[in-house]
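Coordinate inspection notes
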Amino acid sequence: MEVNKEKIRYILQFFFNKGENASQAAEIVNGVYGPDTVTANYVQFWFRLFRSGIFYVKDAPRTGRLVVENIDKITEIIEVDRHVSSRSIAQELKIDHKTVLNHLRFKPFKQKF
């Protein structure tokens, strides 16, 4: 069974508030969602965060990933006008100029003869 990490963190937060210790919470979660769903070290890490007052369990946005929506929009703009500048694309989409350049570097465009 594929389990979302964010969902597991909410479950761990429940067990933390209930007063369970990390090994008990790991056993319960692994009993319900299958073996090797979480390790005791993983649960201890999140319990440590909860004790320090950090209860934000959502995944943080990661840097370095290309946003697919931006690539599609950039491609559409370039297909309409092959001579458009990267700066004008950035202004139109309200994104950073370097982001546009990175997308253009990873998306090769073929010349039309």
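Just above sits the structure.
On a predicted model such as this, the values are computed, not experimentally measured, just so you know. (Residues numbered from 1 in each chain as written. Predicted model: local features only at pLDDT ≥ 70, side-chain atom pairs only at ≥ 80, totals over all residues. Heavy atoms only, no water.)

Let's shift gears to the pattern of salt bridges. For the structure on display, the rule yields two salt bridges. In this structure, the salt-bridge partner of Lys58 is Glu6, at a minimum N-O distance of 3.3 Å. Separated by 52 residues along the polypeptide, Lys58 in the loop between helix H3 (40–51) and helix H4 (68–80) and Glu6 in helix H1 (residues 5–18) bring together distant segments of the chain. For Lys58, a relative accessible area of 40% puts it in the partly exposed group. (Salt bridge = Lys/Arg side-chain N within 4 Å of Asp/Glu carboxyl O. Helix = DSSP H or I, 4+ residues; strand = E, 2+ residues; numbered from the N terminus. Buried < 20%, exposed > 50% of the residue type's maximum accessible area, 1.4 Å probe, protein only.)

Another point: the nonpolar core. In this structure, Ile8, Leu12, Val29, Val43 and Phe47 are the most contacted members of the largest nonpolar core, which totals 16 residues. Among the elements of the structure, H1, helix H2 (22–33) and H3 are those that each provide at least two residues to this core. With five residues, H2 is the largest single contributor of residues to this core. Every residue in contact with Ile8, bar those within four places of it in the chain, is listed here: Val3, Val29, Tyr33, Thr37, Val38 and Tyr42. (Core = buried A, V, L, I, M, F, W, Y, C linked by side-chain atoms within 4.5 Å. Contact = heavy atoms within 4.5 Å.)

This next bit is on the packing of aromatic side chains. Considering all chains together, one arrives at nine aromatic pairs under this definition. Relative to Phe15, the ring of Phe14 has its centre 5.4 Å away and its plane inclined at 65°; by these criteria the two rings are edge-to-face. We classify Phe14 as partly exposed; its relative accessible area is 48%. A centroid spacing of 5.6 Å and a plane angle of 85° characterise the contact between Phe45 and Trp46, whose relative ring orientation is edge-to-face. Through a chain of ring-to-ring contacts, the aromatic side chains of Phe16, Tyr42, Phe45, Trp46, Phe47, Phe50 and Phe55 assemble into a single cluster. (Phe/Tyr/Trp six-rings, centres within 6.5 Å; stacked < 30°, edge-to-face > 60°.)

It is worth spelling out the environment of Ile28 at this point. With respect to the secondary-structure elements, Ile28 resides in helix H2. When its relative accessible area of 34% is taken as the criterion, Ile28 is described as partly exposed. Those residues within four positions of Ile28 in sequence are excluded, and the remaining contacts are Phe15 and Glu20.

Together, Glu69, Asp72, Glu76 and Glu79 give the surface a local cluster of negative charge. Along the chain, Asp72 turns up in helix H4. (Patch = residues over 30% accessible without salt bridge, like charges linked within 9 Å, V, L, I, M, F, W, Y side chains within 5 Å. Areas by Shrake-Rupley, 256 points an atom, 1.4 Å probe, with all protein chains shown as cover. Lys, Arg positive; Asp, Glu negative; His and termini not counted. Charge placed at Lys NZ, Arg CZ, Asp CG, Glu CD.)

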